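Per-entry structural report
Here is how the chains run, residue by residue.
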Amino acid sequence: METLEFLKPVLALVIWTCVMWIWMYALRLPAFSKAGIKPDDARHPGTYSDKLPATVRSAADNYNHLHEQPTIFYALMFFIALTGGADSTATMVAWAYVGLRIVHSFVQVVIGTVALRFLVFTLGTFCLFFLAGREALRVFAG
């Protein structure tokens, strides 16, 4: 499989993270203004959260979440690409992971239902488990 084709999900998730940054600030800046929060008042996260609507806080939380578990995805994808494990199955699972992260963002920011968000998060986590487990078998048992 061509490496570029395999790594497209990585680029897609990076782009989605940039979209979430824009979405976060599109919600956050007007909310700060409306709540009378000055930039220096927001120096320490959480000190102003009670003054912001839940959707504004959720967008910021989601942006932060896109810098947590997806780091494992990025490392795993580059490991797979560099060690020759890229194939159509891994690519399909990688796209599923990216799709689930995007759905997770919408659930967290727009819908807000924790049980649904947890379900989507868990499905994405299973994608990572599958990719990591498959690689471990290929590298250590192969």
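Structure shown above.
Now for a description of the structure that goes with this document.

Calculation notes
Residues numbered from 1 in each chain as written. Predicted model: local features only at pLDDT ≥ 70, side-chain atom pairs only at ≥ 80, totals over all residues. Heavy atoms only, no water. Phe/Tyr/Trp six-rings, centres within 6.5 Å; stacked < 30°, edge-to-face > 60°. Helix = DSSP H or I, 4+ residues; strand = E, 2+ residues; numbered from the N terminus. Buried < 20%, exposed > 50% of the residue type's maximum accessible area, 1.4 Å probe, protein only. Contact = heavy atoms within 4.5 Å. Expected span 1.5 Å × (residues − 1). 1 Å grid on protein atoms, 1.4 Å probe; cavity = no way out; pocket = protein on both sides within 12 Å on 5 of 7 lines; lining within 4 Å. Points joined across faces, edges and corners; volume = space filled by probe spheres on them. Nonpolar A, V, L, I, M, F, W, Y, C, P; charged D, E, K, R; others polar. Patch = residues over 30% accessible without salt bridge, like charges linked within 9 Å, V, L, I, M, F, W, Y side chains within 5 Å. Areas by Shrake-Rupley, 256 points an atom, 1.4 Å probe, with all protein chains shown as cover. Salt bridge = Lys/Arg side-chain N within 4 Å of Asp/Glu carboxyl O. Core = buried A, V, L, I, M, F, W, Y, C linked by side-chain atoms within 4.5 Å.

**Structural notes on the packing of aromatic side chains**
In total, this model carries six aromatic pairs according to the counting rule given. Look at W23 and F106: their rings are 5.4 Å apart centre to centre, the planes differ by 50°, and that puts the pair in the tilted class. Here W23 is found in helix α1 (residues 3-35), whereas its partner F106 is found in helix α4 (residues 88-111), with 83 residues between them in sequence. By the ring-pair criterion, three or more aromatic residues cluster together here, those being W16, W23 and F106.

**Details of the environment of N62**
Within the secondary structure, N62 sits in helix α2 (residues 54-65). By relative accessible area, N62 is classed as buried at 0%. The spacing of N62 and V109 is 47 residues in sequence and 7.5 Å in space, taken between C-alpha atoms. The residues contacting N62, other than those within four sequence positions of it, are M20, H104, S105, Q108 and V109.

**Re helix α3 (residues 70-83)**
For α3, with 14 residues, the first-to-last C-alpha span of 20 Å sits near the 20 Å given by 1.5 Å per residue. Buried residues of α3: P70, F73, Y74, L76, M77, I80 and A81, and no others. In this structure, the buried side of α3 is in contact with α1, α2, α4 and α5 (114-141). Downstream of α3 by one or two residues, G84 has phi in the positive range, about 85°.

**Regarding α5**
Its 28 residues place the ends of α5 39 Å apart at the C-alpha level, agreeing with the 40 Å of an ideal helix rising 1.5 Å per residue. Every buried residue of α5 is listed here: V120, G124, T125, C127, L128, L131 and E135. Turning to α5, the residues buried within the fold contact α3 and α4.

**Overview of the layout of surface pockets**
There is about 190 Å³ of room inside the largest pocket. Every residue lining the largest pocket is counted, 14 residues in all, and those nearest its centre are R28, P45, Y48, A60 and N64. Looking at the lining of the largest pocket, the elements that each hand over two or more residues are α1 and α2. Considering each element in turn, the lining of the largest pocket owes the most residues, six residues, to α2. By residue class, the composition of the lining of the largest pocket is eight nonpolar, three polar and three charged.

**What about a nonpolar patch on the surface?**
Nonpolar side chains collect at one region of the surface, where F106, V110, I111, L116, L119, L123, F126 and F129 lie side by side and expose about 770 Å² of accessible area between them. Put simply, the parts of the chain that give the nonpolar patch at least two residues each are α4 and α5. No other element matches α5, which puts five residues into the nonpolar patch. Structurally, the position occupied by V110 is in helix α4. Judged by relative accessible area, V110 falls into the exposed class, the value being 53%.

**Focus on the nonpolar core**
Core analysis: the biggest nonpolar cluster contains 30 residues, and F6, L13, F73 and M77 have the highest contact counts within it. Counting only elements with at least two residues in this core, the list comes to α1, α2, α3, α4 and α5. With eight residues, the top contributor of residues to this core is α4. Discounting residues that sit within four places of it in the chain, F73 has contacts with P9, V10, L13, A94, Y97, V98 and L128. Judged by nonpolar contacts, the second largest core, of seven residues, contains A31, F32, A42 and V56.

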